[in-house]
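Single-letter residue listing:
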Amino acid sequence: AEKQAVDLRLHRAIVGSPETVARKLAAFLEETRVQEIFAVTDTYDQSDRLSSYELLADVVSDLARSLRPEFPGDQHGCDANRYDQARQQCHPARN
């Protein structure tokens, strides 16, 4: 039962380098056509967690730009630049 619970939780997990995450996330978005995703990074150290989210923000920003013509959120005023603005607010020294 415990193994099944873990397998179920990790079934849609996307783990890897920025390139791997971009490829798997694009495939997930294409398959599901969802307009929203939730990201969870299970790390003990807060700096590792922030670094992971920064990498993900870069991936999502690039992905949103590349999918923009097909991006379902565009019909509702979604703007890929919004991701860049959010990243700049959280990490101004990085930009």
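For the structure, check the block above.
Criteria and thresholds
Residues numbered from 1 in each chain as written. Predicted model: local features only at pLDDT ≥ 70, side-chain atom pairs only at ≥ 80, totals over all residues. Heavy atoms only, no water. Helix = DSSP H or I, 4+ residues; strand = E, 2+ residues; numbered from the N terminus. Buried < 20%, exposed > 50% of the residue type's maximum accessible area, 1.4 Å probe, protein only. Contact = heavy atoms within 4.5 Å. Areas by Shrake-Rupley, 256 points an atom, 1.4 Å probe, with all protein chains shown as cover. Core = buried A, V, L, I, M, F, W, Y, C linked by side-chain atoms within 4.5 Å. 1 Å grid on protein atoms, 1.4 Å probe; cavity = no way out; pocket = protein on both sides within 12 Å on 5 of 7 lines; lining within 4 Å. Points joined across faces, edges and corners; volume = space filled by probe spheres on them. Nonpolar A, V, L, I, M, F, W, Y, C, P; charged D, E, K, R; others polar.

Turning to the overall build of the protein chain, a few remarks are in order. The number of helices and strands found in the protein chain is four helices and zero strands. The order of helices and strands in the protein chain, counted from the N terminus, is α-α-α-α. When burial is assessed residue by residue, the protein chain has 20% of its 95 residues classed as buried. Taking the intrachain contacts of the protein chain between residues at least 6 apart in sequence as the baseline, contacts between residues at least 24 apart amount to 38%. Total accessible area computed for the protein chain in this model is approximately 7,300 Å², and 53% of it derives from carbon and sulfur atoms.

With that settled, the discussion passes to the nonpolar core. If you look at the biggest cluster of nonpolar residues, it comprises five residues: L25, F28, L29, V60 and L63. Of all the elements in the fold, those that place two or more residues in this core are α2 (18-32) and α3 (46-67). The dominant element in this core, judged by the number of residues it contributes, is α2, at three residues. Each residue touching L63, except ones within four places of it in the same chain, is listed here: A22, L25, A26 and L29.

Attention now goes to the side chain of T41. The residue T41 is located in the loop between α2 and α3 in this model. Taking relative accessible area as the criterion, T41 reaches 17% and is therefore assigned buried.

At R33, a residue that is not glycine, the phi angle is positive and equals roughly 60°. Inspection of the secondary structure puts R33 in the loop between α2 and α3.

Turning to the layout of surface pockets, a few remarks are in order. Taken as a whole, the largest pocket holds about 820 Å³ of empty space. Taken together, 23 residues line the largest pocket, and the ones lying closest to its centre are A13, I14, V15, A39 and V40. Mapped onto the lining of the largest pocket, the elements with two or more residues apiece are α1 (2-10), α2 and α3. Looking at the lining of the largest pocket, its residues break down into 16 nonpolar, four polar and three charged.

Geometric descriptors of this kind do not, in isolation, establish any biological role.
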